[in-house]
Amino acid sequence: MNEEEWDKGALLARQKMPIKGLKILPQMVGISPETRKGLKWKSLKWIIQEDKKGAIRKGFLRHPFKHLGRFVRSLLAPLPYKREGDLFFYGVPHEEAFKELLGDPSTLLVLGFSYCHKPFECPSGRFTEDCLHDPENNVCRQCFIGKAHQFIPPQTVSLCIPTIHHIGAKIFALQEAHPQKKILFIITACEMTLTMFGDLGNMAGIQGIGIRLDGRICNTMKAFELSEKGTKPGLTVVLDETQGKMLALLKERSKRFQKA
Ligand code: SF4
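The rules we used
For every chain, the first residue of the written sequence is number 1, and numbering continues from 1 onward in sequence order. A pLDDT threshold of at least 70 governs which residues receive local features in this predicted model, and a stricter bar of 80 or more applies before side-chain atom pairs are shown or counted, although totals over entire chains, interfaces and linings include all residues. Near, as applied to residues and a molecule or strand, means the residue's backbone-placed C-beta atom lies within 6 Å of it. Numbering of helices and strands runs from the N terminus; a helix is a DSSP stretch of H or I covering at least four residues, while a strand is a stretch of E covering at least two. Ten residue types, Ala, Val, Leu, Ile, Met, Phe, Trp, Tyr, Cys and Pro, are classed as nonpolar, four, Asp, Glu, Lys and Arg, as charged, and the remainder, Gly among them, as polar. A pair of strands is considered paired only if DSSP assigns at least 2 bridges between the two. Convention adopted: a line fitted to C-alpha atoms gives each axis, helices being fitted over their contacting stretch, and angles between N-to-C directions are expressed from 0 to 180 degrees. The term nonpolar core means buried Ala, Val, Leu, Ile, Met, Phe, Trp, Tyr and Cys residues held together as one set by C-beta atoms within 7 Å. Remark: C-beta atoms are placed from the backbone, and a residue is labelled buried if 20 or more other C-beta atoms sit within 10 Å of its own, exposed if 12 or fewer do, or partly exposed between those counts. By definition, residue pairs are in contact when their C-beta atoms, positioned from the backbone, come within 7 Å. Helix crossings get a hand from a simple test, with the near helix turned counterclockwise from the far one by less than a right angle marking a left-handed crossing and a clockwise turn marking a right-handed one. A helix's residues, less one, multiplied by 1.5 Å, set its expected span. Summarising the geometry, the arc corresponds to the directions from the helix axis toward the C-beta atoms.

### Focus: the site of the ligand
Thought 1: In the neighbourhood of the ligand, 13 residues make up the surrounding shell, with Cys 122, Cys 131, Cys 140, Cys 143 and Gly 146 lying closest.
Thought 2: Of all the secondary-structure elements, those providing two or more residues to the shell around the ligand are helix H7 (138-141) and helix H8 (144-149).
Thought 3: Of the residues contributing to the shell around the ligand, the split by class is nine nonpolar, three polar and one charged.

### Observations regarding the sheet that holds strand S5 (residues 182-189)
Thought 1: Spatially, the six strands line up as an open sheet ordered S1-S2-S6-S5-S3-S4, and their pairing is mixed. Of all strands in the sheet, those with a lone pairing partner are strand S1 (82-84) and strand S4 (156-161), marking the two edges. Each strand axis lies, on average, 20 degrees off the axis of its neighbour in the sheet, ignoring direction.
Thought 2: The pairing of S1 with strand S2 (residues 87-90) spans three bridges and is antiparallel. Bridging from a neighbouring strand, Arg 83 pairs with Phe 88 of S2.

### Brief notes about the nonpolar core
Where a protein is soluble and globular, its nonpolar side chains tend to be buried together.
Thought 1: Counting residues in hydrophobic clusters, the biggest one holds 51 residues, and the most contacted among them are Phe 185, Ile 186, Ile 211 and Met 246.
Thought 2: For this core, the element with the highest residue contribution is S5, accounting for six residues.
Thought 3: Beyond its immediate sequence surroundings of up to four residues, Ile 186 is in contact with Leu 109, Leu 111, Gly 208, Ile 209, Ile 211, Met 246 and Leu 249.

### Remarks on the pairing of strand S3 (residues 107-114)
Thought 1: Of all eight residues in S3, six are buried, a share of seventy percent or more.
Thought 2: Where S3 meets S5, six bridges bridge the pair, whose relative direction is parallel. Opposite Val 110, over in S5, you have Phe 185 as the bridge partner.
Thought 3: Here S3 runs beside S4; their pairing, made up of six bridges, is parallel. Among the inter-strand pairings, Val 110 is bridged to a residue of S4, identified as Val 157.

### As for unusual backbone geometry
Thought 1: One non-glycine residue with positive phi stands out, namely His 133, at about 35 degrees.
Thought 2: Looking at the element boundaries, His 133 is found in the loop between S3 and H7.
Thought 3: If you check the backbone angles, Gln 155 has positive phi at about 50 degrees while not being a glycine.
Thought 4: You can see Gln 155 is positioned in the loop between H8 and S4.

### Focus on the packing of helix H4 (residues 55-62) against helix H9 (residues 164-177)
Describing two packed helices takes the angle between their axes plus the distance from one axis to the other.
Thought 1: Interhelical geometry of H4 versus H9 gives an angle of 35 degrees and a closest axis separation of 9 Å. Crossing of H4 over H9 shows left-handed handedness. Residue-level contacts link Ala 55, Ile 56 and Gly 59 of H4 to His 165, Gly 168, Ala 169 and Phe 172 of H9.
Thought 2: Each residue belonging to the contact of H4 with H9 can be placed in one class, and the counts come to four nonpolar, three polar and no charged.

### Looking at H9
Thought 1: For H9, which comprises 14 residues, the first-to-last C-alpha distance of 20 Å matches the rise-based estimate of 20 Å (1.5 Å per residue) to within 8%.
Thought 2: Along H9, the residues classified as buried are Ile 164, Ile 167, Gly 168 and Ile 171. Taken around the axis of H9, the buried residues stretch over an arc of 105 degrees, which confines them to a single face. In this structure, H9 carries Glu 176 and Ala 177 as exposed residues pointing more than 90 degrees from its buried face.

### Digging into the environment of Lys 40
Thought 1: Inspection of the secondary structure assignment puts Lys 40 in helix H3 (residues 39-49).
Thought 2: Sequence separation between Lys 40 and Thr 195 is 155 residues, and the spatial gap between their C-alpha atoms is 8.6 Å.
Thought 3: Not counting the four nearest positions on each side in its chain, Lys 40 is found in contact with Leu 75 and Asp 199.

### Some remarks on the environment of Gln 180
Thought 1: Within the fold, Gln 180 resides in the loop between H9 and S5.
Thought 2: Separated by 72 residues in the primary sequence, Gln 180 and Leu 108 have C-alpha atoms spaced 9.8 Å apart.

In C-alpha cells:
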C-alpha cells in the first residue's frame, strides 16, 4: 500500500471511529530547569537502580573496557548527540551520513516507538512492547506507528518501548545475536529521554537518530519515573513534518537495498 492509499483509509477510519487526540499542542519546555541540574548523574542512578533483571549490567560486562571507554568519552562531551530540529544524531554527524549507513547491508536497523505515542485506544495496550499494526483496524489506521509499519525496510527490527531498560536489554541482545551486524537505530522519544540516555547508546556503540516527540512529554524526573512505571495520562505525538522525515528514512533504506 502506498502512502496516499494509507492516508485515504486513515481518513475513512477517522470518520467511522475517531480516536482521542490532542486538542491543542501544549507548549512545554523539553526539560525543566530544575530537572536539568545533574541530569547525567540522575540518568546513571536510574539505570543502575532500576536494572532489576540485570540486563544492562550483563550487557555492559560483556565488553567492560570497551563500554567504559565509550561511556566516559560520551560523558565528557557537552552533549551525547548533535541536533537538527527534531532529529538527534548519535555517533553520526548528520542525516546524509546516516542515509549512507542505511544502505549498508551489514547493518540491522532497530525501529523503536516510545509507548507514550500509542493511542489511548490501542488494541495492543499502551504500556506494552506489543503492536498489532493491523491496517484494517480503525485505531491502527489512524496511528502513526501503524503507518510507519507499512514502510518497514529490509533488515529491520521494529518494537514499541515501554521502558528504557527494555530497549537497553533489546539492543544488547541484538548485538549478541548478530555479532557480525552493525546496529543502527531510529527511535522516537521525548527530549528528556534522548538527553538522559544518549550516553548509554554511545556506550553500546550504536549509531542512529532519536526522533523528538512533542505533545504531553515528560520534562521532569517525577513525570519520567511515573511514565517508566506505566503511568502516562498524556499523549505525545511525532509532529507532521517530522513524521515525513522519519518515513523518508525508512523509504531510503528500502530504496538503497533494492538498488544493491
Ligand atoms: S499500530 Fe500498534 S501502536 Fe498503533 S494502535 Fe495499532 S497496535 Fe497500537
